[in-house]
Amino acid sequence: AGLAVTLPRVTKIEAIRISGLETLSENAILAALGDIGNENLFSLNLHEIERSIELNPRVARARVHRVLPSALAIDIQERSAVASIMINTEQGTKLVLVDGEGIAFASIDAEDSRNPELPVISGIQFEQFSPGQRLPDLLKPLFVELAAVKRDSPELLRAFSEIRVERISGSSVELLLYPVHMKTAVRLPLKFDTDALRSALVVLDILRSRGLGNQPSEIDFHAGTVVYQAKEAVSG
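Residues numbered from 1 in each chain as written. Predicted model: local features only at pLDDT ≥ 70, side-chain atom pairs only at ≥ 80, totals over all residues. Heavy atoms only, no water.

S.K.: I tried to follow the overall build of the chain on my own but got confused; where do I start?
M.R.: Counting its regular elements, the chain contains six helices and 13 strands. Within the chain, the proportion of its 236 residues that are buried is 39%. Considering only contacts within the chain whose residues lie at least 6 apart along the sequence, 51% involve residues at least 24 apart. Surface accessibility of the chain: about 13,600 Å² in total, with carbon and sulfur atoms responsible for 49%. (Helix = DSSP H or I, 4+ residues; strand = E, 2+ residues; numbered from the N terminus. Buried < 20%, exposed > 50% of the residue type's maximum accessible area, 1.4 Å probe, protein only. Contact = heavy atoms within 4.5 Å. Areas by Shrake-Rupley, 256 points an atom, 1.4 Å probe, with all protein chains shown as cover.)

S.K.: Help me understand the pattern of salt bridges in this model?
M.R.: Where charged atoms from two side chains of opposite charge approach closely, those side chains can pair. Tallied over the entire structure, the rule returns eleven salt bridges. Ionic pairing is found between Asp-152 and Arg-151, a salt bridge with its closest N-O pair at 3.2 Å. For Arg-208, the salt bridge identified is with Asp-205, shortest N-O distance 2.9 Å. With Arg-208 and Asp-205 both in helix α6 (residues 194-209) and three residues apart, this pair spans about one turn of that helix. Residues participating in the shared-partner salt-bridge network are Arg-61, Arg-79, Asp-99 and Glu-101. (Salt bridge = Lys/Arg side-chain N within 4 Å of Asp/Glu carboxyl O.)

S.K.: Can you walk me through unusual backbone geometry in this structure?
M.R.: Most peptide bonds take the trans configuration, and most residues that are not glycine carry a negative phi. With an omega of 10 degrees, the peptide bond running from Leu-68 to Pro-69 counts as cis. Mapping Pro-69 onto the fold places it in the loop between β2 (59-67) and β3 (71-78).

S.K.: Would you mind showing me how to read the environment of Glu-166 here?
M.R.: With respect to the element layout, Glu-166 can be found in strand β9 (residues 160-167). Aside from chain neighbours lying at most four places away, what touches Glu-166 is Ser-172, Val-173, Glu-174, Leu-176 and Arg-187. Polar contacts involving the side chain of Glu-166 include one to the side chain of Arg-187, which spans 3.1 Å. (Polar contact = N/O pair within 3.5 Å; in protein donor to acceptor, adjacent residues only side chain to side chain.)

S.K.: Just to check I follow, could you spell out helix α3 (residues 46-53) for this structure?
M.R.: In an α-helix, one turn spans 3.6 residues, which is why side chains three or four residues apart end up on the same side. Among the residues of α3, those classed as buried are Leu-46, Ile-49, Glu-50 and Ile-53. All buried residues of α3 project into a common sector of 100 degrees when viewed along the axis, lining one side. At its buried positions, α3 is contacted by α2 (26-33), β2 and β3. Structurally, the start of α3 carries an N-cap: the backbone nitrogen of His-47 is 3.2 Å from a side-chain oxygen of Asn-45. (Arc of directions from axis to C-beta.)

S.K.: Any chance you could explain the environment of Ile-103 here in plain terms?
M.R.: Checked against the element boundaries, Ile-103 lands in strand β6 (residues 103-108). Along the primary structure Ile-103 and Phe-143 are separated by 40 residues, whereas in three dimensions their C-alpha atoms are 9.1 Å apart. Setting aside residues no more than four positions away along its own chain, Ile-103 makes contact with Arg-79, Leu-97, Val-98, Gly-132, Gln-133 and Arg-134.

S.K.: Looking at this structure, I do not really get the pairing of strand β10 (residues 173-179). What am I missing?
M.R.: A regular strand carries its side chains on alternate faces of the sheet. The element β10 is extensively covered by neighbouring structure, given that six of its seven residues are classed as buried. One ladder, built from seven bridges, connects β9 with β10; its direction is antiparallel. Within β10, the residue paired with Arg-164 across the bridge is Leu-176. The pairing of β10 with strand β11 (residues 185-189) spans four bridges and is antiparallel. The partner of Leu-175 across the bridge, within β11, is Leu-188. Linking β10 to β11, which pair antiparallel, is a turn of five residues. (Pairing = 2+ DSSP bridges.)

Treat this as a map of the structure, not an account of what it does.
Printed below as a string of structure tokens:
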């Protein structure tokens, strides 16, 4: 009987500990919890709390657990941007952050200094955009590879300012990558890796050393061999 009386008082939530935040504020997480201050620690549905927090487009995963005698611990994994995409809205063009799962999760300003090294992806159209929207499955390999490159060789992403998605057919997509310091574009298949990017940069360095830094309009790595197309001369 004594236990039945004292247990609810002992297990009342007195502290909420949040970890893993990078861009989000604690208030943004607390707002998703609602009024749980008077709840009993053992009466909470932890899975429902996790799902409520994960409704925030910036949250990739939330894990909630009890810490006896009276605390609730919340571990947040925020979405990590691997690129930004340009979308057109009624207010004009804006940039949206995309993670390695192909989730477009937050709008940013074009001058946003927090992500100065992310390549911009163009050629993707939205009929209507809302944060948390998943990009077409056809493009998922692109964001998976970008996440791997960002993790293993982030300097390679800094070498390119824009990645343009070009649909060759209904199910075939190729990429045009534009280097930061050259006008020559690099054509790659949708699924690429760090070796392909390194090889492309080596070829670009060779062209630049031969005084051809801006001469070929593009070099094509799509077929596994290097093919480049020179710009045609214009008379007059």
